[in-house]
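So the chains spell out like this:
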Amino acid sequence: MVSPRADGQVAACIDALREVYEADAYPVRWPADPARWLSPDDAMQSWVAVSAGRILGHAVIRRAAPPMPVAERMDPALGSPVMVSRLFTVPAARQNGVARRLLDEIAGWAVEHGHQLFLDVADNAPGARRFYERLGSQHVFSEYADWLDADGSPALVHYYLPG
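None of the values given here were measured: they were computed from a predicted structure.

Looking at this structure, I do not really get the overall build of the protein. What am I missing?
Summing up its helical and strand segments, the protein has five helices and seven strands in all. Ordered by position from N to C terminus, the α and β elements of the protein give β-α-α-β-β-α-β-α-β-α-β-β. Its C-alpha atoms give the protein a radius of gyration of 15 Å, within 12% of the compact-globule value 15 Å for 163 residues. For the protein, the C-alpha atoms occupy an extent of roughly 40 × 40 × 30 Å along the three principal directions. Each of the 163 residues in the protein was classed as buried or not, and the buried ones make up 41%. Counted over contacts in the protein with a minimum sequence separation of 6, partners at least 24 positions apart contribute 62%.

Is there a simple way to explain the pairing of strand β5 (residues 115-122) in this structure?
Within a regular strand, side chains alternate between the sheet's two faces. In terms of burial, β5 is largely enclosed, as seven of its eight residues are buried. Pairing analysis gives five bridges linking strand β4 (residues 80-89) to β5, with the strands arranged parallel. Residue Val84 lies in a different strand from β5, and its bridge partner there is Leu119. In this view, the connection linking β4 to its parallel neighbour β5 by way of helix α4 (residues 98-112) has right-handed handedness. Across four bridges, the pairing between β5 and strand β7 (residues 154-161) is antiparallel. If you follow Ala122 over to β7, its bridge partner there is Val157.

Would you take a moment to explain the nonpolar core for this structure?
Taken as a class, soluble globular proteins show a tendency for nonpolar side chains to be buried jointly. Residues Ile61, Val84, Leu102 and Ile106 are the most contacted members of the largest nonpolar core, which totals 33 residues. Only α1 (10-24), α2 (34-38), β2 (43-51), β3 (54-63), β4, α4, β5 and α5 (126-134) provide two or more residues apiece to this core. With near-sequence residues (within four places) excluded, Ile61 lies in contact with Asp42, Ala43, Met44, Gln45, Trp47, Val82, Met83, Val84, Ile106, Trp109 and Leu117.

Help me understand the pairing of β4 in this model?
With eight of its 10 residues buried, β4 lies for the most part within the structure. Of the pairings in the sheet, the one linking β3 to β4 comprises six bridges and is antiparallel in character. Residue pairing across strands places His58 opposite Phe88, the latter belonging to β4.

Sorry, what's going on with the packing of aromatic side chains here?
Describing an aromatic ring pair means giving the distance of the ring centres and the angle of the ring planes. Overall, the coordinates contain six aromatic pairs when judged by the stated rule. Both rings, one in Trp47 and one in Trp109, keep their centres 5.7 Å apart while their planes meet at 80°; by these two values the pair is edge-to-face. On the criterion of sequence distance, the pair formed by Trp47 in strand β2 and Trp109 in helix α4 is long-range, its members being 62 residues apart. Its relative accessible area of 1% is what places Trp47 among the buried residues. Residue classification places Trp109 among the buried residues on the basis of a relative accessible area of 14%. Taken together, the ring pairs in this structure connect Phe131, Tyr132 and Tyr160 into an aromatic cluster. Above the plane of the ring of Trp30 lies Arg18, whose end atom (NZ or CZ) is 3.9 Å from the centre. Between the NZ or CZ atom of Arg86 and the centre of the ring of Trp37, over which it lies, the distance is 4.2 Å.

Where do I start with the environment of His58 in this structure?
Within the element layout of this structure, His58 appears in strand β3. A residue is classified by how much of its surface remains accessible, and His58, at 0% relative accessible area, is buried. C-alpha separation for the pair His58 and Ser142, spaced 84 residues apart in sequence, amounts to 24 Å. Apart from residues lying up to four places away in sequence, His58 is in contact with Arg5, Cys13, Leu38, Ser46, Trp47, Val48, Arg86, Leu87, Phe88 and Leu102. A distance of 2.9 Å separates polar atoms of two side chains, one belonging to His58 and the other to Arg5. Of note is the side chain of His58, whose polar atom sits 3.0 Å from the backbone oxygen of Arg86.

Reading guide: rules and limits
Residues numbered from 1 in each chain as written. Predicted model: local features only at pLDDT ≥ 70, side-chain atom pairs only at ≥ 80, totals over all residues. Heavy atoms only, no water. Helix = DSSP H or I, 4+ residues; strand = E, 2+ residues; numbered from the N terminus. Rg over C-alpha atoms; globule rule 2.2 N^0.38 Å. Buried < 20%, exposed > 50% of the residue type's maximum accessible area, 1.4 Å probe, protein only. Contact = heavy atoms within 4.5 Å. Pairing = 2+ DSSP bridges. Right-handed = clockwise from strand over helix to strand, strands pointing away. Core = buried A, V, L, I, M, F, W, Y, C linked by side-chain atoms within 4.5 Å. Phe/Tyr/Trp six-rings, centres within 6.5 Å; stacked < 30°, edge-to-face > 60°. Lys NZ or Arg CZ within 6 Å of the ring centre and 35° of its normal. Polar contact = N/O pair within 3.5 Å; in protein donor to acceptor, adjacent residues only side chain to side chain.

By themselves, these observations are geometric and do not establish any function.
Okay, structure coming up:
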C-alpha cells in the first residue's frame, strides 16, 4: 500500500535507505543526517510503500525549478513544476511494481494539486534510468551537477519528463 509518510515512519525509512545504499550506493554518500535527507526543506509531500508493516519504498515531491531546457518542454497550463526526489525501493521489493505504484500516487497528487512532474537521475544509476524509460518518461536534458560522484568527479544528471 502507498500512503503519505507519517512522522513515525521516518526511522523505518532510514533502515530501508540503508539497504538501498548498501546495495546500490544511493545516495552516493551516506548522509550525515538521513532523516533530514529524507525530508528536504523544499519537500511538499512524502510517500511510503508498505507491506506487512515493512517500508518497501519511499518518494518525495519537492518544490524545484527545472533547468531551462526542461522548463521549455513543460506546459504551464498543466501547473507549476515539482520534482520527484528521494525515490527508492528496497532490493527485495524490486520488479514487483512498488516504484510504479509510488509514481502513480505522486502523479495523481500532482494533478490534483495543480503541478506537473519532472525528475532527475544520476548517471551512476542506470537501472533507475531504464525503469523511467520503460514507463515512457522522456529524457530531456543532461548536465553536470554541483555535487560530486563517489569517484570525486562532477556527477552527471539526466532530467526526464514523465510519459
